[in-house]
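# Topology and contacts: notes
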Amino acid sequence: MDINDKSIKMFSTIGPRATLGLSALEIAKNDKDLVVLTCDVSTSAGLDRFRKTFPDKYFDLGIAEQNMIGVATGLASENYKVLTTTFAPFQTMRCCEQIKVNLGYMKQKICMVGIASGLVLGTLGYTHCCIEDVGILRSIPGITIISPSDSLETYKSLEKALKHPGPTYIRLTGKSNNPIVNKTDYNFEIGKSITIKNGKDVTLFASGSMVFQSLQAALILEQNKISTKVVNMHTIKPLDKEIIENSLESELLATVEEHNVMGGLGSAVSEFLTTKQKKPKQIFIGVKDIYDKGGEYEYLLNKHDLTGESIAKKVMLEMQ
Amino acid sequence: MKSSSQESINKIKIFALNIRKKILDMSLIAGADSSHFGGALSIVEIVSVLFSDIMRINKENPLWEDRDRFILSKGHACLAYYAALSEIGYISNDELKTFEKNESNLLGHPVINRNLGIEFSNGSLGMGLSLGIGVCLGLKKKNMKNQVYVVLGDGECNEGSIWEGAMSASNFNLENLTVLVDHNKFQQTGSNDEIMKLDNLREKWISFGWETIEIDGHDIEKLKYFLAKDKEKKPRAIIANTIKGKGFSFSENNNSWHHAVMTKKFYDQAKEELEKNFKL
């Protein structure tokens with residue numbers, strides 16, 4: 001697919017889920033081995049056109065996630081490129097042991113996409129929010145975890161994940177009309193973070209929807225004379241240790257994620273940091289290890305200090 | 001039922017005899033670590049008919065694309081599986097002796113190793129049927145004629161994922177799929193009736209849209225007949241009524257042999273019984 005201003009804007013308008021469906025459709029045109037498996041979520045995952053265009057590449061397993069992962073594994077073992085998708089909690093937790101055995105232990109190459117992860121479905125309650133997926137999957141050896149920063153990166157992640165030699169999980173956060181982080185085409189490599197903005201006082205390591213919010217925070221911080229680096233940690237596992245190593249001169253490190261503060265990007269960064277003799281302090285910005293009352297997406301982002309303004313405030317408080 | 005030639009039945013009987021001998025040897029090797037003895041013995045005839053007669057196999061090439069696929073969903077019964085793979089030449093007798101030893105390819109539950117003929121890692125119950133469904137869908141999509149055989153335990157049918165799979169296999173009209181339920185009436189800590197009633201398994205599989213047959217799972221002739229029989233355009237379930245620990249007086253229907261230590265005394269007794277009871 002051509003990446004230009006128009007397509008980037010279109011991706012952003014339709015949001016991560018519709019981008020997923022569109023991306024799968026584009027990839028399937030040139031890849032005879034791609035098959036897509038869902039659990040009765042073709043519309044939610046933007047896959048209605050895919051289903052109609054490629055009925056022989058589309059399998060709906062009904063509302064049965066454990067079976068979906070098993071069936072995906074059987075197909076992968078017959079050399080198909082398999083994409084599975086459903087809402088993030090069901091994609092990662094309902095079938096967690098199947099993921100452990102089939103993708104982890106057996107190393108079968110499947111690309112799982114968790115749609116509407118994080119807090120975006122907050123009005124539906126925490127059954128449908130997902131603040132645990134990264135923590136859970138990170139503990140299973142061999143699974144690559146990608147959290148795209150915007151819709152363009154969703155497309156790029158999917159393209160790379162389907163070519164990746166091992167199993168992958170793509171975590172989609174945000175909603176339609178989601179902010180554009182990557183304004184022009186760029187090189188996306190799994191495991192290689194992208195430093196979007198340089199700065200020497202503070203480094204913000206962010207993933208998914210929080211990359212944009214961290215850029216917003218950086219604007220405020222710069223106005224307050226705090227030089228801020230923003231790193232798009234789109235791959236949470238394997239972690240880009242080199243960029244952390246190169247950020248040790250900062251006075252403060254902050255990890256920012258639309259995920260529980262336990263188990264996710266913050267934990268991953270901290271696991272590496274703690275092996276270093278000299279290191280700056282790290283603060284964890286994320287959902288505060290609680291199943292709280294639900295609400296609209298923006299409301300919950302505010303509540304958990306996950307907006308540019310709140311992130312900047314937290315950093316400034318530490319820097320005083 | 002058209003009877004098979006005595007010669008072909010005798011061949012399977014000898015295969016089954018050899019599997020039981022190898023199960024005994026491996027369980028003795030496992031020593032104090034013990035092994036899943038009873039549930040392996042109940043599937044000996046099932047795997048023997050499949051591996052020595054029914055399945056398309058290339059003895060020179062375990063990776064042969066046209067091979068039929070075998071999935072041991074009740075992975076703890078791997079003694080019978082490893083023995084069968086050894087009988088067809090994929091696993092050497094020396095390798096069998098590594099059963100459950102450090103760094104072995106042959107642990108107490110199968111670990112995927114296509115060079116040895118082990119199609120998938122199994123052991124966590126309730127997962128093998130879904131794997132088989134995925135393989136069947138993939139084969140059908142490529143217009144390949146291979147058959148897929150999945151062996152389930154009856155206790156394993158407690159798992160909800162089995163019924164997710166059962167529902168979807170008939171939904172996709174998978175006529176290339178056969179499930180054999182090893183219905184030995186026991187599970188780890190008691191009988192099916194004591195732990196979780198299965199009631200009429202046959203009716204359950206019929207109601208999920210499967211062609212369902214219930215037979216004596218130690219009757220080689222019947223197994224061969226129904227496994228070879230032309231299929232309807234739907235998946236087939238064979239409820240194989242079996243005896244846990246089949247073959248030895250001390251272990252038959254004795255659930256303490258679910259996972260037990262094989263002593264030299266029992267080993268010698270079992271060897272003696274095998275020779276004495278074997279008839280062609």
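Residues numbered from 1 in each chain as written. Chains lettered and ligands numbered in written order. Predicted model: local features only at pLDDT ≥ 70, side-chain atom pairs only at ≥ 80, totals over all residues.

## Here we look at the overall build of chain A
- Check the secondary structure of chain A and you find 12 helices and 12 strands.
- Taken along the three principal axes of its C-alpha coordinates, chain A extends 60 × 40 × 40 Å.
- Burial statistics for chain A: of 320 residues in total, 57% are counted as buried.
- Considering only intrachain contacts with a sequence separation of at least 6, the fraction spanning at least 24 residues in chain A is 79%. (Helix = DSSP H or I, 4+ residues; strand = E, 2+ residues; numbered from the N terminus. Buried ≥ 20, exposed ≤ 12 C-beta atoms within 10 Å, placed from the backbone. Contact = placed C-beta atoms within 7 Å.)

## Let's talk about the nonpolar core
- Counting residues in each nonpolar core, the largest one holds 171 residues, and the members touching the most others are V82(A), L204(A), V47(B), A80(B) and Y82(B).
- Taken domain by domain, the makeup of this core includes at least three residues from each of domain 1 (5-171) and domain 2 (194-319) of chain A.
- Setting aside residues up to four positions removed in sequence, V82(A) forms contacts with V35(A), L37(A), A72(A), L75(A), A76(A), I110(A) and C111(A). (Core = buried A, V, L, I, M, F, W, Y, C linked by C-beta atoms within 7 Å. Domains from an automatic or database assignment.)

## Points about the sheet that holds strand 1 (residues 34-38) of chain A
Residue and element names in this part refer to chain A.
- Taken in spatial order, the seven strands make up an open sheet running 2-1-3-4-6-5-10, and their pairing is mixed. Sheet topology places strand 2 (58-60) and strand 10 (235-237) at the edges, where each strand pairs with a single neighbour. Within the sheet, the average angular offset between the axes of one strand and its neighbour, ignoring direction, is 20°.
- Taken together, the six bridges between strand 3 (residues 81-87) and strand 4 (residues 110-115) define a ladder with parallel strand orientation. Note on strand 4: the bridge partner recorded for T85 is V113. (Pairing = 2+ DSSP bridges. Axes fitted to C-alpha atoms, helices over the stretch in contact; angles between N-to-C directions.)

## Thoughts on unusual backbone geometry
Residues and elements named next belong to chain A.
- Omega for the peptide link from K237 to P238 comes to 0°, which places this bond in the cis form.
- If you trace the backbone, P238 turns up in the loop between strand 10 and helix 9 (241-245).
- Phi at K107 takes a positive value of approximately 60°, unusual for a residue other than glycine.
- With respect to the element layout, K107 can be found in the loop between helix 5 (96-105) and strand 4.
- Phi at N177 takes a positive value of approximately 55°, unusual for a residue other than glycine.
- Positionally, N177 belongs in the loop between strand 6 (168-171) and strand 7 (194-197).

## As for the pairing of strand 3 (residues 177-183) of chain B
Residue and element names in this part refer to chain B.
- Most of strand 3 is tucked away, with seven of its seven residues classed as buried.
- Neither face of strand 3 is exposed, since L177, V179, V181 and H183 on one face and T178, L180 and D182 on the opposite face are all buried.
- Where strand 2 (residues 148-153) meets strand 3, six bridges bridge the pair, whose relative direction is parallel. Of the residues in strand 3, the one forming a bridge with V148 is L177.
- At this point the chain moves from strand 2, through helix 7 (residues 160-171), to the parallel strand 3, and the crossover so formed is right-handed.
- The pairing of strand 3 with strand 7 (residues 236-241) spans six bridges and is parallel. When the sheet's bridge partners are listed, V179 is paired in strand 7 with A237. (Right-handed = clockwise from strand over helix to strand, strands pointing away.)

## With respect to the interface of chain A and chain B
- Contacts between chain A and chain B engage 21 residues on the former and 19 residues on the latter.
- Looking at the side of chain A that touches chain B, the elements with two or more residues in it are helix 3 (65-77) and helix 5 of chain A.
- Here the side of chain A that touches chain B is built from residues that sort into 10 nonpolar, eight polar and three charged. (Nonpolar A, V, L, I, M, F, W, Y, C, P; charged D, E, K, R; others polar.)

## A few points about the domain arrangement of chain A
Residues and elements named next belong to chain A.
- Here chain A is partitioned into domain 1 (5-171) and domain 2 (194-319).
- Residue-level contacts link 22 residues of domain 1 with 28 residues of domain 2.
- Taken together, the elements giving at least two residues each to the side of domain 1 that touches domain 2 come down to helix 6 (133-138) and strand 5 (144-146).
- Residue composition of the side of domain 1 that touches domain 2, grouped by class: nine nonpolar, eight polar and five charged.

## Quick notes on the sheet that holds strand 7 of chain B
Residue and element names in this part refer to chain B.
- Pairing is parallel across the open sheet formed by five strands, whose spatial order is 1-2-3-7-6. Each edge of the open sheet is held by one strand with a lone partner, namely strand 1 (69-72) and strand 6 (211-216). Neighbour-to-neighbour, the strand axes of this sheet turn through a mean angle of 20°, independent of strand direction.
- Pairing of strand 6 with strand 7, which is carried by six bridges, proceeds in the parallel orientation. Each bridged residue has a counterpart across the sheet, and for I215 the counterpart in strand 7 is A240.

## A short note on the packing of helix 3 of chain A against helix 5 of chain A
Residue and element names in this part refer to chain A.
- Where helix 3 meets helix 5, the closest approach of the two axes is 9 Å, and the angle between their N-to-C directions is 10°. It follows that helix 3 is roughly parallel to helix 5 by the angle criterion. Contacts from Q66, I69, G70 and T73 of helix 3 reach helix 5 at Q98, I99 and N102.
- Partitioning the contact of helix 3 with helix 5 into residue classes produces two nonpolar, five polar and no charged. (Parallel < 35°, antiparallel > 145°, perpendicular 65-115°, else oblique.)

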